[in-house]
2 protein chains.
Amino acid sequence: MITKNTVKAIQSLKQTKYRKELGLFVVEGRKSVEELLQSSLETTAVYATERFQQEHGFHDERLETVSEMQMEQMSSFDTPPGILAVVRIPKQDNIQHEGMMLALDGIANPGNMGTIIRTAEWFGVKNIVCSEDCVEIWNPKVIQATMGSLFRMNVVSTDLEGFLKEAKDKGKAVYGALLEGENIFKKDKWEDGIIVIGSESHGIRSNILPLITHPITIPRAKNSITESLNASMATGIILASWASKLS
Amino acid sequence: MITKNTVKAIQSLKQTKYRKELGLFVVEGRKSVEELLQSSLETTAVYATERFQQEHGFHDERLETVSEMQMEQMSSFDTPPGILAVVRIPKQDNIQHEGMMLALDGIANPGNMGTIIRTAEWFGVKNIVCSEDCVEIWNPKVIQATMGSLFRMNVVSTDLEGFLKEAKDKGKAVYGALLEGENIFKKDKWEDGIIVIGSESHGIRSNILPLITHPITIPRAKNSITESLNASMATGIILASWASKLS
């Protein structure tokens, strides 16, 4: 039986502050929980309502049954999916330079962050570096948007400027999506390196701009007057362009 | 002075039912309202708070000042942007076959719908056909995600199966994103035609599948186990691939 205090503790994990303090985060929904249980992350508890278990025939030895009301209290969703896991926040891995890597500069929107992680995994990216003011990846909305990809991606939060300075000094290619850059559709070759993505509101910020060694651009149709693409969309299109030259 | 009844009427436009009954929809936020006023749509009223006008120096002869509380009542957002326009829902244009066109099969998520419209405009698409069960495009979340592109796109809701049957009979290329199709990265040529996009939960539905003349696929990295891409992301990547062969 789950206690009132445990329900309260899990409820508190909706806030960044308590996730940091307790070193725990929450995963909800069948698909995400299934992906979680197959990952290397340490799951400390799994809760599901009676109804969820009947509807989905979901079995796991760690599963504890909770009431609809308890689930509602713990869930971050208006319509709780009925299954919820508590997970230990893993230690940050070291940054590994392997293949192409993403660097995110101030991505604050959780949906964008999640979609970027999901799409990056699709195209085979293994490492993502985030500036310290990016949205926290253990945010429920980020987790939902990654559809499980988060559990298989190495995401590191760091001083982005320092990281890129070092990479540039070592001769790494630092790509950055800018208004005036090389047309990605005409690019024949990409070096292994780092693709920097800025936020929709601020773009790549002024402290990062001088560290871009390869400015790139997604060309817009001649008659189009749209000013920009969504940040995760731009990331996906650039990654697709890169991946298309890999094979 | 805005009347109580007008505030109530605008408030009702948060619901599809009243948008249909009154033939009106609401646009909020500085950028979207600016794009609206430059478009050919018929704006019937523009309201802004005192604070918004001071902060943004926004001028328009049609502008009426409303109180913060009135704005909160009318706004669909938790944090109202402070400016709001009421617009007449335009008559559906005829479907025009011009260049490449999108056909959306059951896209229910407003964020996805909006991002698809925005990205389609970036790449020069002028016409989008939606199945009748797609999310209504005058939904505030769709409008927000299009960032003004909606006002420049011809979006038509229709019997998608009938439309695609006719197109196929006329010899049009009907592309569809499927798991087993031609690798879009290896495609050298695209014909002008229609790209069909299904929803994330159902894909392209069984009544539409036989109408696809050109199955296409976004290839996934060999070691990736992600099952799918977000529907708007898949659309953007396909459109980018098509656009890259245009020039």
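A few points on the structure.

Rules and cut-offs
Residues numbered from 1 in each chain as written. Chains lettered and ligands numbered in written order. Predicted model: local features only at pLDDT ≥ 70, side-chain atom pairs only at ≥ 80, totals over all residues. Heavy atoms only, no water. Helix = DSSP H or I, 4+ residues; strand = E, 2+ residues; numbered from the N terminus. Buried < 20%, exposed > 50% of the residue type's maximum accessible area, 1.4 Å probe, protein only. Contact = heavy atoms within 4.5 Å. Areas by Shrake-Rupley, 256 points an atom, 1.4 Å probe, with all protein chains shown as cover. Lys, Arg positive; Asp, Glu negative; His and termini not counted. Charge placed at Lys NZ, Arg CZ, Asp CG, Glu CD. Pairing = 2+ DSSP bridges. Least-squares fit on C-alpha atoms with pLDDT ≥ 70 in both. Buried area = accessible area lost by both parts, 1.4 Å probe. Salt bridge = Lys/Arg side-chain N within 4 Å of Asp/Glu carboxyl O. Polar contact = N/O pair within 3.5 Å; in protein donor to acceptor, adjacent residues only side chain to side chain. Axes fitted to C-alpha atoms, helices over the stretch in contact; angles between N-to-C directions. Phe/Tyr/Trp six-rings, centres within 6.5 Å; stacked < 30°, edge-to-face > 60°.

1. So, the overall build of chain A
And then number 1: Along its length, chain A carries 9 helices and 10 strands.
And then number 2: Its C-alpha atoms give chain A principal-axis dimensions of about 60 × 40 × 35 Å.
And then number 3: In chain A, which comprises 247 residues, the share counted as buried stands at 52%.
And then number 4: For chain A, the share of sequence-separated contacts (at least 6 apart) that also reach a separation of at least 24 residues comes to 76%.
And then number 5: Accessible surface computed for chain A: about 11900 Å², of which carbon and sulfur atoms make up 47%.
And then number 6: For chain A, the distance from the average position of its 27 positive side-chain charges to the average position of its 31 negative side-chain charges is 2 Å.

2. Let's talk about the pairing of strand β8 (residues 173-183) of chain B
Residue and element names in this part refer to chain B.
And then number 1: In this structure, β8 lies alongside strand β9 (residues 193-198), joined through 4 bridges in parallel fashion. Across the sheet, the residue bridging to Val174 is Ile194, located in β9.
And then number 2: Looking at chain direction, β8 and strand β10 (residues 214-217) are connected through 5 bridges and run parallel. The residue bridging Glu182 from the neighbouring strand is Ile216, located in β10.

3. Some thoughts on the relation of the copies chain B and chain A
And then number 1: If you rotate chain B by 180° and push it 0.0 Å along the axis, it lands on chain A with an RMSD of 0.0 Å. Here the symmetry operator amounts to a two-fold rotation axis. When C-alpha distances to the rotation axis are compared across chain B, the minimum falls at Ile237(B), with a value of 2.6 Å.
And then number 2: In this assembly, 100% of the residues forming the interface of chain B have copies in chain A that are likewise at the interface, indicating an isologous arrangement.

4. Considerations on the interface of chain B and chain A
And then number 1: With 35 residues of chain B at the contact, the number on the chain A side is 35 residues.
And then number 2: Between chain B and chain A, roughly 3000 Å² of surface is buried when both sides are summed, and carbon and sulfur atoms account for 62% of that area.
And then number 3: The largest contributions to the chain B side of the interface with chain A come from Arg118(B), Trp122(B) and Met233(B), which together make up 26% of the buried area.
And then number 4: For the pair chain B and chain A, the interface holds 4 salt bridges.
And then number 5: Between Glu200(A) and Arg118(B) there is a salt bridge; the shortest N-O distance is 2.9 Å.
And then number 6: At the boundary of chain B with chain A, the tally comes to 17 residue pairs in polar contact (both at pLDDT 80 or more).
And then number 7: Going through the elements one at a time, α3 (30-37), α6 (110-122) and α9 (231-244) of chain B are the ones with two or more residues in the side of chain B that touches chain A.

5. Here we look at the pattern of salt bridges
Residue and element names in this part refer to chain A.
And then number 1: Counted according to the given criterion, the structure contains 30 salt bridges over all chains.
And then number 2: Salt-bridge contacts for Arg51 lead to Glu68; the nearest nitrogen and oxygen are separated by 3.2 Å. Of the two residues, Arg51 sits in helix α4 (residues 50-56) while Glu68 sits in helix α5 (residues 68-74), which places them 17 residues apart along the sequence.
And then number 3: On the basis of relative accessible area, Arg51 is assigned to the partly exposed category, the value being 49%.

6. Brief notes about the environment of Gln96(A)
All names here are of chain A.
And then number 1: Within the secondary structure, Gln96 is located in the loop between β4 (83-88) and β5 (101-105).
And then number 2: Each C-alpha atom of the pair Gln96 and Lys126 lies 8.6 Å from the other, and the pair is 30 residues apart in sequence.
And then number 3: In this structure Gln96 touches Met101, Asn127 and Asn154, once residues within four positions along its chain are discounted.

7. Section: the sheet that holds strand β3 (residues 63-66) of chain B
Residues and elements named next belong to chain B.
And then number 1: If you trace the 4 strands from one edge of the open sheet to the other, you get β1-β4-β2-β3, paired in mixed fashion. Of all the strands in the sheet, just β1 (24-28) and β3 have a single pairing partner and so form its edges. Neighbour to neighbour, the strand axes of the sheet diverge by 25° on average, direction disregarded.
And then number 2: Bridge count between strand β2 (residues 43-49) and β3: 4 bridges; the pairing is parallel. Each residue of the ladder has a partner; that of Tyr47, found in β3, is Glu64.

8. Observations regarding helix α1 (residues 4-12) of chain A
And then number 1: For α1(A), every residue scored as buried is listed here: Val7(A), Ile10(A) and Ser12(A).
And then number 2: As for α1(A), its buried residues are in contact with α2 (16-22), β1 (24-28), β2 (43-49), α5 and β4 of chain A.

9. Concerning the packing of aromatic side chains
All names here are of chain A.
And then number 1: Tallying each qualifying case throughout the model produces 8 aromatic pairs over all chains.
And then number 2: Between Tyr175 and Trp190, the aromatic rings sit 4.9 Å apart at their centres with planes inclined by 50°, giving tilted as the arrangement. Placement of Tyr175 in strand β8 (residues 173-183) and of Trp190 in the loop between β8 and β9 (193-198) is noted, with a sequence separation of 15 residues between them.
And then number 3: The class for Tyr175 is buried, based on a relative accessible area of 1%.
And then number 4: On the basis of relative accessible area, Trp190 is assigned to the buried category, the value being 11%.

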